[in-house]
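Structure assessment
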Number of protein chains: 2
Amino acid sequence: MDIQRWAVKIEYDGTGLVGWQRQKKGLSIQQVLEEAAEKICNNQYKINSITAGRTDSGVHAMGQVAHLDFPAHLPLTAKKICDGLNHYMKPHAIAILQAGQVDLQWSARFTAVQRKYRYVILNRLSRPALNTNYVWHVRKPLDVDKMVRAAQYLLGQHDFTSFRATACQANSPIRKLDRFDIYKKDDYIYFEPEARSFLHHQVRNMVGTLKMIGDGYWPEEQAFTILQAKDRKAAGINAPATGLFLTEVIYPTDPFIEQI
Amino acid sequence: MDIQRWAVKIEYDGTGLVGWQRQKKGLSIQQVLEEAAEKICNNQYKINSITAGRTDSGVHAMGQVAHLDFPAHLPLTAKKICDGLNHYMKPHAIAILQAGQVDLQWSARFTAVQRKYRYVILNRLSRPALNTNYVWHVRKPLDVDKMVRAAQYLLGQHDFTSFRATACQANSPIRKLDRFDIYKKDDYIYFEPEARSFLHHQVRNMVGTLKMIGDGYWPEEQAFTILQAKDRKAAGINAPATGLFLTEVIYPTDPFIEQI
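Quick caveat, the model's predicted, so the values are computed rather than measured.

Analysis parameters
- Note that residues are indexed from 1 along each chain, following the sequence as it is written.
- Whichever chain is written first becomes A and whichever ligand is written first becomes 1, with later ones labelled in order.
- Local features in a predicted model are, by the rule used here, given only for residues with pLDDT of at least 70; side-chain atom pairs are given and counted only at 80 or more, and totals for whole chains, interfaces and linings are based on all residues.
- Where side-chain values are given, they derive from all heavy atoms of the structure, hydrogens and water being excluded.
- Residues below a pLDDT of 70 in either copy are left out; the C-alpha atoms of the rest, at least 70 in both, set the least-squares superposition of the copies.
- Residue contacts are counted whenever heavy atoms from the two residues lie within 4.5 Å of one another.
- The numbering of helices and of strands both runs from the N terminus, where a helix is a DSSP run of H or I of at least 4 residues and a strand a run of E of at least 2.
- For each residue, the accessible area found with a 1.4 Å probe, counting protein chains only, is set against the maximum for its type, and the residue is called buried under 20%, exposed over 50%, and partly exposed in between.
- Exposure above 30% relative accessible area and the lack of any salt bridge qualify a residue for a patch; like charges then connect within 9 Å, and the nonpolar side chains Val, Leu, Ile, Met, Phe, Trp and Tyr within 5 Å.
- Residue burial considers only the protein chains on display, and all accessible areas are found by Shrake-Rupley using a 1.4 Å probe.
- For salt bridges, the criterion is a side-chain nitrogen of Lys or Arg within 4 Å of an Asp or Glu carboxyl oxygen.
- UniProt positions are given in the numbering used here, feature names are shortened, and annotations may be inferred rather than shown by experiment.
- What fixes the domain bounds is an automatic or database domain assignment.
- By buried area we mean how much accessible surface two parts lose on assembly, using a 1.4 Å probe and totalling the loss over both.
- Asp, Glu, Lys and Arg are counted as charged, while Ala, Val, Leu, Ile, Met, Phe, Trp, Tyr, Cys and Pro are counted as nonpolar; the rest, among them Gly, fall into the polar class.

So, on to the relation of the copies chain A and chain B. Superposing chain A onto chain B requires a rotation of 180° together with a translation of 0.0 Å along the rotation axis, leaving an RMSD of 0.0 Å. Seen this way, the second copy is the image of the first under a two-fold rotation axis. For chain A, the smallest separation between a C-alpha atom and the rotation axis is recorded for A:Asn131, amounting to 4.1 Å. A shared interface surface links the copies, since 100% of the contact residues of chain A are contact residues in chain B too.

Dropping the structure here:
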């Protein structure tokens, strides 16, 4: 059967979901999205999606991208895809921001050239009352300048084995970290890494390690030592999922630009 | 009985609460705070609080300030007040950020010299998946520059009767609006007014009016016309509580500065 492929930009609150990928133990973003897509087709076809980043349980997104294949004969438009998916995904905290038709050679996952994440630490004594599900609450004061210096060791192309989940399925542990901005505003510290792609848990493991440098447990050179060790046990803790956002996925040409 | 007076800085998520003031119909920030303060005293004393801003149901705060009077003989410290109140206010989304002892002449309400609010509009077609309780979702595109120009009519000292709730208890409708910054970041539009004090619903009525100017319903000069009318019916809609935050209350000297 001939197909038409559509890219969608997705925002979601990962709280209470099991993450991107379908799992028996609970509701995933993938399941909510694909079931909504099937409802657009009156449940006459099985619709599969491919995503740019398979985020973990509790992780959020402002700019996740996925593609969906529909039968070619359906009279779909960007507006129909957006409105239809948003309607059928209610009341879940998942929203389609934009849609755009793409070539069948185009893949949300493999065509992506850059991925941007944001990790947020709330650094103060008092527990959060606002943004409870959007931060990692750290009571011990963190030295932002020291974390900024430590992050420089991670920039560039490295074997990131030390920052990789044991369950990571990537063929190679080599990644190139292009940017890693760290800054503070009020009591919030923002970590914004950017790379073509990341290993499983890489962002959270990097943040967990920087936190242990920022609170004085380790000197800033420890970031270099850990990288050299190529051993997951050498690195710091895996920062909680709750503070992590997939903010943007970049493609050679924006698949959404003329669509809305 | 001799008393000691303590100022506290409070963050809260107003979702699901009836607002600052005690009400029979539901739980208020005042009730949660005062009951926690009484638990610090083993429920042997009735503790009353006075606040800088009696926020409405659904309104949030990053920097609300209140003062509490305790019996003078209790061995209280800023740390004991913070930790004790935060402990007993669990699991409510209300947190004490700082505490500081103040003179008995000092009032969280009457000593305040400036109040700052932030109102957040999410301006895009798709419903919010993130920050659902922290924005007013407006689908129609708003002209930010036009709202910035319209807001200039409201700056300075005016009779704000048109922007005042009918239930407002203030003696005078005259207020001096010192600043009103309006700017956009991604799909979020921020409105940040600043004044010694505001009338009841003034911020939400000003934002509701500016929204109706920004979406083209009114020309920007309508802000001036409405102000001149001195009639609540002349102004725009009351923007929903959900997008409003009390961000900061300023005092001649910071009561918290040396406390934490």
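This part is about unusual backbone geometry. With an omega dihedral of 0°, the bond running from A:Lys90 to A:Pro91 counts as a cis peptide bond. Mapped onto the fold, A:Pro91 is located in the loop between helix 2 (78-89) and strand 4 (94-102). Notably, B:Asn43 is not glycine yet its phi reads approximately 55°, a positive angle. Relative to the elements of secondary structure, B:Asn43 occurs in the loop between helix 1 (29-40) and strand 2 (49-51). Since its relative accessible area comes to 54%, B:Asn43 is described here as exposed. Positive phi values are uncommon outside glycine, yet B:His201 reaches one of about 70°. Looking at the element boundaries, B:His201 is found in the loop between strand 9 (188-195) and helix 4 (202-214). On the basis of relative accessibility, which here comes to 22%, the residue B:His201 falls in the partly exposed class.

Side chains of A:Met1, A:Ile3 and A:Leu104 sit close together on the surface and give an oily, nonpolar patch of about 310 Å² of accessible area. Relative to the assigned elements, A:Leu104 resides in the loop between strand 4 and strand 5 (114-123).

Residues and elements named next belong to chain A. As annotated in UniProt, the feature "active site" (unreviewed entry) corresponds to Asp56 in the numbering used here. Within the secondary structure layout, Asp56 lies in the loop between strand 2 (49-51) and strand 3 (60-71). Contact partners of Asp56, with chain neighbours within four places excluded, come to Val18, Gly19, His200, His201 and Arg204.

Residues and elements named next belong to chain A. The domain architecture assigned to chain A consists of domain 1 (3-111) and domain 2 (114-247). Between domain 1 and domain 2, the residue contacts involve 15 residues of the former and 13 residues of the latter. With both sides pooled, the region where domain 1 packs onto domain 2 buries about 1,200 Å², and carbon together with sulfur makes up 50% of that total. Considering only the side of domain 1, the residues that lose the most area to domain 2 are Asp56, His60 and Met62, jointly responsible for 44% of the buried surface there. Between domain 1 and domain 2 we count one salt bridge in total. Asp56 is paired through a salt bridge with Arg204; the nearest N and O atoms lie 3.3 Å apart. When grouped by side-chain class, the residues that make up the side of domain 1 that touches domain 2 number five nonpolar, seven polar and three charged.

Let us now look at the pattern of salt bridges. All names here are of chain A. All chains considered together, the criterion is met by 27 salt bridges over all chains. Put simply, Glu194 and Lys116 hold a salt bridge, and the shortest N to O gap is 4.0 Å. Of this pair, Glu194 sits in strand 9 (residues 188-195) while Lys116 sits in strand 5, placing them 78 residues apart in sequence. The class for Glu194 is buried, based on a relative accessible area of 16%.

Each partner contributes to the interface: chain A provides 26 residues, whereas chain B provides 27 residues. Contact with chain B buries surface across chain A, with A:Arg127, A:Ala129 and A:Leu130 losing the most and accounting together for 37% of the total. At the junction of chain A with chain B, the criterion picks out two salt bridges. The residue A:Arg124 makes a salt bridge to B:Glu11 at a minimum N-O spacing of 2.9 Å. Breaking the side of chain A that touches chain B down by element, the ones donating at least two residues are strand 1 (3-12), strand 3, helix 2 and strand 4 of chain A. Class assignment of the residues belonging to the side of chain A that touches chain B gives a composition of 16 nonpolar, five polar and five charged.

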